[in-house]
Amino acid sequence: MMLNNMTRFATVLTLSLGAYTTSHAAEPGKPDYTKMSAEALAEHLVLESGSFDLDQPTQEGGTARERMIQDDLQKLCSQTRNKPNAEQAGQIVTAARASIQYPEGGISLGDWQKGGDLAWGGFGYRIGHNPDDHSQRDPSGNCYNCHALSPQRTGGDIGPSLTGYGIIRGDTEATRRFVYDMIYNPHAYFPCTHMPRMGAKGLLTQEAIADIMAYLLDPESPVNK
Amino acid sequence: MIRHALLVLAVTIGVPVHADPSQNPVEVLKELINSVDSAYLTQSDQNLMMMEDNPALWTVEEGKALFHAKRGPKNVSLETCDFGMGPGKLEGAYAAMPRYFKDTGKVMDLETRLVHCMTTIQGFPADDPAVKKLHGSDTDHMKLQSYIAAQSNGMPWNPPMDHPLEKAMRDAGEVIFYRRAGSLDMSCQTCHSVTGKRIRASVLPNVYVPQEWSKAISWPAFRVGHQETRSSQHRLRGCYWQMRKAGPVAGSPATIAVLSFWTDMARGQPAILPDMKR
């Protein structure tokens, strides 16, 4: 079947280009890229063409290949270019809510100073040419890349500003639950958001989430000064 | 002054301008700045000032000597290497890459084409440092890439989409650009589909604003933060590292697919070569 397609393609090319001698289609074991859909070719290039170092170990214990294979959420958000229809959005929200695990004894605030270090840190989970060594340092939250936090330093603005968040929202049960959910799996509220799933993907511990929440909600935190 | 005005006119109405390696690339950037309101293009006054003396201009000069020198086991220069415009013809060649090459049956970017010519024409073994060392201003690769690319300075990006493989790679590259994966669920689109947004203090280029995107893909560029001249492939590697995804293999098909898409998205806008970036 494949051979048939490849032969046919080579014939077509020979006819259309005349002196077509070296054929990409003739390479053994390599599919004819021009006969594949863009989606199928992209999948092939990412996972089957040797384009990435997929055997590299990751900090969470698997290999880079597992990181490159999409889960259902990543697939759906990529296919819809982050604009799921109402039905898809409903499915995403339902799945995201089901993914959230709450700490025993309820959601509490940790140490805002530690949370500040975590919020402003970009360390953790990087692989490739310079992997992060988690035995040297705990993974951080990367919050500052996309959010303005304390007024003293410049954060990014891909996400909304969180400066003064605790002053504006107060430290109620409902606020704590919302902030926890947003850090754990923000697709529970915003299907196909750009924001990572720091809890659902196991990137931050419960303790780290509690510390970052304190940085956002504690009245003593520079976020609220 | 007249040349200045003509260039503005050419850029505005989309007439292809001729490569002028003697023109300082900062002039090309200034034309782009005048053509669109962009926080990305104007984010660094310091870089604009420093570009007059961009260290990457030295990398270009070193590349010129290297390109014409007889080297490798076969003791020949790269003057017969075909970058798509015919043997040794460099003007505008880089602005029209990646492209399909009949002799290899592949779509190739500048880096992979250079590897091809160094190994076939000059006879370098594939593991020779001249071929294998890809990163840093002192490498043969960065010197040669910078020199070849500079021959497209000011010319509009124009990767051909004539061969079915060129189109297939470009379209797959678009899918890869949007393909969310990895620890942080990121794709290239996460950071590069809005205008004026920042990661920390850095304003990000938007793939949908071709004037911004033209500067974004203008590599080789001197990266001030690294104090090195860097390539497109190096930029890609850095983005995948930040996204917590697998490390791309230099010159691999997926990287060339992404480069095909990203070059197509800057189509018609003048290349700034070499550029300077933060």
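So, a few notes on the structure that sits alongside this text. (Residues numbered from 1 in each chain as written. Chains lettered and ligands numbered in written order. Predicted model: local features only at pLDDT ≥ 70, side-chain atom pairs only at ≥ 80, totals over all residues. Heavy atoms only, no water.)

**Comments concerning the overall build of chain B**
- Tallying secondary structure elements over chain B gives twelve helices and seven strands in all.
- Counting only C-alpha atoms and orienting by the principal axes, one finds that chain B spans roughly 50 × 50 × 35 Å.
- Within the span of chain B, comprising 278 residues, buried residues form 62% of the whole.
- Considering only residue pairs separated by 6 or more positions, chain B has 69% of its internal contacts joining residues 24 or more positions apart. (Helix = DSSP H or I, 4+ residues; strand = E, 2+ residues; numbered from the N terminus. Buried < 20%, exposed > 50% of the residue type's maximum accessible area, 1.4 Å probe, protein only. Contact = heavy atoms within 4.5 Å.)

**Quick word on the interface of chain A and chain B**
- Each partner contributes residues to the interface: chain A has 63 residues there, and chain B has 48 residues.
- Buried surface at the junction of chain A and chain B, summed over both partners, amounts to about 4,600 Å²; 58% is from carbon and sulfur atoms.
- Run the count over chain A and chain B and you get four salt bridges.
- A salt bridge links glutamate 43 of chain A to arginine 179 of chain B; the nearest nitrogen and oxygen atoms lie 2.8 Å apart.
- In this assembly, chain A and chain B are joined by 29 residue pairs in polar contact (both at pLDDT 80 or more).
- Of all elements in the fold, only helix H1 (2-17), helix H2 (38-48), helix H3 (64-68) and helix H4 (72-79) of chain A reach the threshold of two or more residues within the side of chain A that touches chain B.
- The class makeup of the residues in the side of chain A that touches chain B is 28 nonpolar, 23 polar and twelve charged. (Buried area = accessible area lost by both parts, 1.4 Å probe. Salt bridge = Lys/Arg side-chain N within 4 Å of Asp/Glu carboxyl O. Polar contact = N/O pair within 3.5 Å; in protein donor to acceptor, adjacent residues only side chain to side chain. Nonpolar A, V, L, I, M, F, W, Y, C, P; charged D, E, K, R; others polar.)

**Digging into the packing of helix H6 (residues 112-119) of chain A against helix H9 (residues 206-217) of chain A**
Residues and elements named next belong to chain A.
- Viewed as axis vectors pointing N to C, H6 and H9 meet at an angle of 100°, and their least axial separation amounts to 7 Å. Relative to H9, the element H6 is oriented roughly perpendicular. Taken together, the residues of H9 that come into contact with H6 (itself represented by Trp112, Lys114, Gly115, Gly116, Leu118 and Ala119) are Glu207, Ala208, Asp211, Ile212, Ala214 and Tyr215.
- The residue inventory of the contact of H6 with H9, partitioned by class, reads seven nonpolar, two polar and three charged. (Axes fitted to C-alpha atoms, helices over the stretch in contact; angles between N-to-C directions. Parallel < 35°, antiparallel > 145°, perpendicular 65-115°, else oblique.)

**Notes on the pattern of salt bridges**
- With the rule as written, the count across this model stands at 23 salt bridges over all chains.
- Note that lysine 35 of chain A is salt-bridged to aspartate 32 of chain A, the shortest N-O span being 4.0 Å.
- Its relative accessible area of 46% is what places lysine 35 of chain A among the partly exposed residues.
- A residue is classified by how much of its surface remains accessible, and aspartate 32 of chain A, at 2% relative accessible area, is buried.
- Of the charged contacts, one joins glutamate 174 of chain B and arginine 81 of chain A as a salt bridge, the two residues approaching to 3.3 Å between their closest N and O atoms. A residue pair is termed interchain when its members come from two chains, as with glutamate 174 of chain B in helix H8 (residues 164-177) and arginine 81 of chain A in the loop between H4 and helix H5 (86-99).
- Through salt bridges with shared partners, a single network forms among Arg81 of chain A together with Lys167, Arg170, Asp171, Glu174, Asp264 and Arg267 of chain B.

**Points about the nonpolar core**
- By size, the foremost hydrophobic cluster in this structure holds 116 residues, and its most contacted members are Leu45 and Leu149 of chain A together with Phe83 and Ile176 of chain B.
- In this view, phenylalanine 83 of chain B contacts Phe67, Leu90, Ala93, Met97, Arg99, Phe101, Leu110, Arg113, Leu114 and Ile148 of chain B; residues no more than four positions away in its chain are not counted.
- Counting five residues, the second largest nonpolar core, distinct from the first, contains Leu76, Cys77, Ile92 and Cys192 of chain A. (Core = buried A, V, L, I, M, F, W, Y, C linked by side-chain atoms within 4.5 Å.)

**Quick word on helix H2 (residues 25-35) of chain B**
- Along H2 of chain B, the positions that sit buried rather than exposed are Pro25, Val26, Val28, Leu29, Glu31, Leu32 and Ile33 of chain B.
- Between the side-chain oxygen of the N-cap and the backbone nitrogen of valine 26 of chain B there are 2.9 Å, and the N-cap of H2 of chain B in question is asparagine 24 of chain B.

**Here we look at unusual backbone geometry**
All names here are of chain B.
- Here the amide bond leading from tryptophan 219 into proline 220 is cis, since omega sits at 0°, within 30 degrees of zero.
- Along the chain, the position of proline 220 falls in the loop between helix H10 (210-216) and strand S5 (221-223).
- Residue proline 274 follows leucine 273 across a cis peptide bond; omega there is -5°.
- For proline 274, the position within the fold is in the loop between helix H12 (253-264) and strand S7 (275-277).
- At arginine 244, a position not held by glycine, the phi torsion is positive, near 65°.
- Structurally, the position occupied by arginine 244 is in the loop between helix H11 (232-242) and H12.
- According to the relative accessible area criterion, arginine 244 is buried, its value standing at 2%.

**Remarks on helix H4 (residues 56-68) of chain B**
Residues and elements named next belong to chain B.
- For H4, with 13 residues, the first-to-last C-alpha span of 19 Å sits near the 18 Å given by 1.5 Å per residue.
- Inspection of H4 places Ala56, Thr59, Val60, Gly63, Leu66 and Phe67 among the buried residues, and these make up the whole buried set. Within H4, the buried residues cover an arc of 125° as seen down the axis, which keeps them to one side. Those residues of H4 that are exposed and angled more than 90 degrees off the buried face are Trp58 and Ala65.
- Residues of H4 that are buried make contact with helix H7 (140-150), S5, strand S6 (228-230) and S7. (Expected span 1.5 Å × (residues − 1). Arc of directions from axis to C-beta.)

**Some words on the sheet that holds S7 of chain B**
Residue and element names in this part refer to chain B.
- Taken together, three strands build an open sheet; the order of strands is S6-S5-S7 and the sheet is mixed. Since the sheet does not close on itself, it has two edges, and those belong to S6 and S7, each with one partner. The average angle at which neighbouring strand axes cross in this sheet is 35°, direction not considered.
- In this structure, S5 lies alongside S7, joined through three bridges in parallel fashion. Bridge assignment links alanine 221 to a residue of S7, and that residue is aspartate 275. (Pairing = 2+ DSSP bridges.)

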